[in-house]
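# Chain and residue survey
One letter stands for each residue in the lines below.
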Amino acid sequence: MGSGSSVNDKEGENTPVSVGKQLCSSAIKGAHTRAEEEQALREAFMTFDRDGNGEISKTEFTKVMTHLTQFNKKFSEQQLETLFDAADTDKDGAIQYEELCSWLCDTPCFSRYFQELDKIEKEYHRRLHTTTKGDASVMREEDSSEWMAKQFDKRLRPIVKEVFNSADKDKNGVLTEEESILLFKNYAEKLISYAMSIMQTEKSHWIHENHWLDKKSLKQLVPSMKAVAQKQLASYESHVDDRNEEAFKVMDRNHDGKLVFEEVEQCLTPGTYRYREFHKALRLFTPEAFKETFDAMATESGDRARRKSDPQIQLLVAQGD
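The protein chain is annotated in an unreviewed UniProt entry as Calmodulin-like protein 3 from Durusdinium trenchii.

## What about the overall build of the protein chain?
Scanning the protein chain for helices and strands turns up 15 helices and two strands. Of all 321 residues assigned to the protein chain, the portion counted as buried reaches 44%. In the protein chain, the proportion of contacts linking residues at least 24 apart, taken out of those at least 6 apart, comes to 67%.

## A closer look at the nonpolar core
Formed by 55 residues in total, the largest nonpolar core has its most connected members in Tyr113, Phe184, Tyr187, Phe278 and Phe294. Counting only elements with at least two residues in this core, the list comes to α6 (109-128), α7 (134-167), α8 (177-201), α10 (215-238), α11 (240-251), α12 (261-267), α13 (273-282) and α14 (287-309). Considering every element that reaches this core, the biggest residue donor is α8, with ten residues. When near neighbours in sequence (up to four residues on either side) are disregarded, phenylalanine 278 contacts Phe184, Tyr187, Ala247, Val250, Met251, Cys267 and Leu268. If you look at the next biggest cluster of nonpolar residues, it comprises 25 residues, including Phe48, Leu68, Trp103 and Leu182.

## Here's the deal with unusual backbone geometry
Unusually for a residue other than glycine, lysine 91 sits at a positive phi of about 55°. Note that lysine 91 resides in the loop between α4 (77-87) and β2 (94-95). For lysine 91, a relative accessible area of 54% translates into the label exposed. A positive phi angle, near 55°, is found at histidine 255, a position not held by glycine.

## A short note on the state of the cysteines
Under the definition given, this model contains zero disulfides. Between cysteine 24, a cysteine without a disulfide, and cysteine 105, which holds the nearest cysteine sulfur, the sulfur-to-sulfur distance is 3.8 Å.

## As for empty space enclosed by the protein
This model, assessed by the stated rule, comprises one cavity of 30 Å³ or more. Considering the residues around the largest cavity, the lining is formed by Phe152, Leu156, Arg157, Val160, Glu265, Leu268 and Thr269. At four residues, α7 tops the list of elements feeding residues into the lining of the largest cavity.

## What about the pattern of salt bridges?
Close approach of charged atoms allows side chains with opposite charge to pair. Applying the stated criterion across every chain, the model contains 14 salt bridges. Residues lysine 150 and glutamate 146 are paired through a salt bridge, measuring 3.7 Å at the closest nitrogen-oxygen approach. Within this pair, lysine 150 and its partner glutamate 146 are both found in helix α7, separated by four residues, close to a single helical turn. Residue glutamate 245 is joined to lysine 249 by a salt bridge in which the shortest nitrogen-to-oxygen separation is 3.7 Å. Of this pair, glutamate 245 and lysine 249 both sit in helix α11, separated by four residues, roughly a single helical turn. Assessed through its relative accessible area of 43%, glutamate 245 is described here as partly exposed. Judged by its relative accessible area of 55%, lysine 249 falls in the exposed class. What you see here is one network of salt bridges that share partners, running through Glu116, Glu123 and Arg155.

## A few points about the layout of surface pockets
Each pocket or cavity is described by its volume, and for the largest pocket that value is around 600 Å³. Taken together, 22 residues make up the lining of the largest pocket; nearest its centre are Glu121, Lys122, His125, Glu288 and Lys291. Going through the elements one at a time, α6, α7, α8, α13 and α14 are the ones with two or more residues in the lining of the largest pocket.

## Observations concerning the packing of aromatic side chains
A complete count under the given rule lists 15 aromatic pairs for this structure. Relative to phenylalanine 114, the ring of tyrosine 113 has its centre 5.1 Å away and its plane inclined at 80°; by these criteria the two rings are edge-to-face. Of the two residues, tyrosine 113 and phenylalanine 114, neither departs from the other in class, the shared state being buried. Measuring from ring centre to ring centre gives 6.0 Å for phenylalanine 290 and phenylalanine 294, while their planes differ by 40°; the resulting arrangement is tilted. Highlighted residues: phenylalanine 290 and phenylalanine 294, both in helix α14, separated by four residues, approximately one helical turn. When its relative accessible area of 0% is taken as the criterion, phenylalanine 294 is described as buried. Of note, arginine 42 hangs over the ring of tyrosine 97, and the distance from its end group to the ring centre comes to 3.6 Å. Over the ring of phenylalanine 261 we find lysine 161; its NZ or CZ atom is 4.6 Å from the centre of that ring.

## Here's the deal with the environment of glutamine 115
Position of glutamine 115 among the secondary structure elements: in helix α6. By relative accessible area, glutamine 115 is classed as partly exposed at 48%. For glutamine 115 and tyrosine 194, which are 79 residues apart along the polypeptide, the C-alpha to C-alpha distance reads 8.3 Å.

## A few points about the packing of α8 against α11
The geometry of α8 relative to α11 is characterised by a closest axis approach of 10 Å and an angle of 110° between their N-to-C directions. When the interaxial angle is binned, α8 and α11 end up roughly perpendicular. Residues Glu177, Ser180, Ile181, Leu183 and Phe184 of α8 form the contact with α11, whose participating residues are Asn244, Ala247, Phe248 and Met251.

What counts and how
- Residues numbered from 1 in each chain as written.
- Predicted model: local features only at pLDDT ≥ 70, side-chain atom pairs only at ≥ 80, totals over all residues.
- Heavy atoms only, no water.
- Helix = DSSP H or I, 4+ residues; strand = E, 2+ residues; numbered from the N terminus.
- Buried < 20%, exposed > 50% of the residue type's maximum accessible area, 1.4 Å probe, protein only.
- Contact = heavy atoms within 4.5 Å.
- Core = buried A, V, L, I, M, F, W, Y, C linked by side-chain atoms within 4.5 Å.
- Disulfide = S-S within 2.5 Å.
- 1 Å grid on protein atoms, 1.4 Å probe; cavity = no way out; pocket = protein on both sides within 12 Å on 5 of 7 lines; lining within 4 Å.
- Points joined across faces, edges and corners; volume = space filled by probe spheres on them.
- Salt bridge = Lys/Arg side-chain N within 4 Å of Asp/Glu carboxyl O.
- Phe/Tyr/Trp six-rings, centres within 6.5 Å; stacked < 30°, edge-to-face > 60°.
- Lys NZ or Arg CZ within 6 Å of the ring centre and 35° of its normal.
- Axes fitted to C-alpha atoms, helices over the stretch in contact; angles between N-to-C directions.
- Parallel < 35°, antiparallel > 145°, perpendicular 65-115°, else oblique.

Right, dumping it as structure tokens:
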């Protein structure tokens, strides 16, 4: 899996996160498409899976980690145990291919990014929706928008920094094209997961907040909502290299073939032009657009359900038929 920098105890470079990043950087080097990266990761997996049984035992893991050339400092037994446990997420005593990929390539901070974004959005709407009229309402909206921008800077920016550092596998302060492929893949998957979670958190709102939906109507509607998100992810994966290339161009503002933190931050900060262009390049809704779409679907379905339940409207519909 190539050569690279050494393990440095002082900088904590023998931690599972740091070791995983180094292994990933070495494995994907030179891969410029999603298929090439997947092939590189398959080859990395086969390097560990010496008996070819489709999983990496602790013995196989230890032998390979002991002899990899990118580490000129030997790991202690305890360190190897810690690394193995980090990769063996289901704790079955072996590392499957998906687990290895997750350890090497995942950007776990994206989950926190979407969680914090959701909190800020909800707090914003609570501030905005108060009983004010006229000029007072306009002033409240302006104050709330200013408040939201400050929250993005205070609460979201540090998480985006963590996302960037996690994606920067070789720790050189910039994201290469290879590293960006993983970044976009992880973002797309976490975005769709976030969209799915919206349906869980908004159910009571759709039923009780003037959407006129009952539980039966909502149960019938949810599969259609899920299909919207799943279709977008399937479309992204079908055109992944083209979409990633477009997204990279949007992020790479100075066209130097690499991404610095500020370029990534601009595309992950809601409300900005580059944020919208980034999602447009990936052909994915923004998190806000998913919620708006689902709200519209719930409202439309609720209106239909209300028409059917209202005796007067039922009579008019029957007369129209």
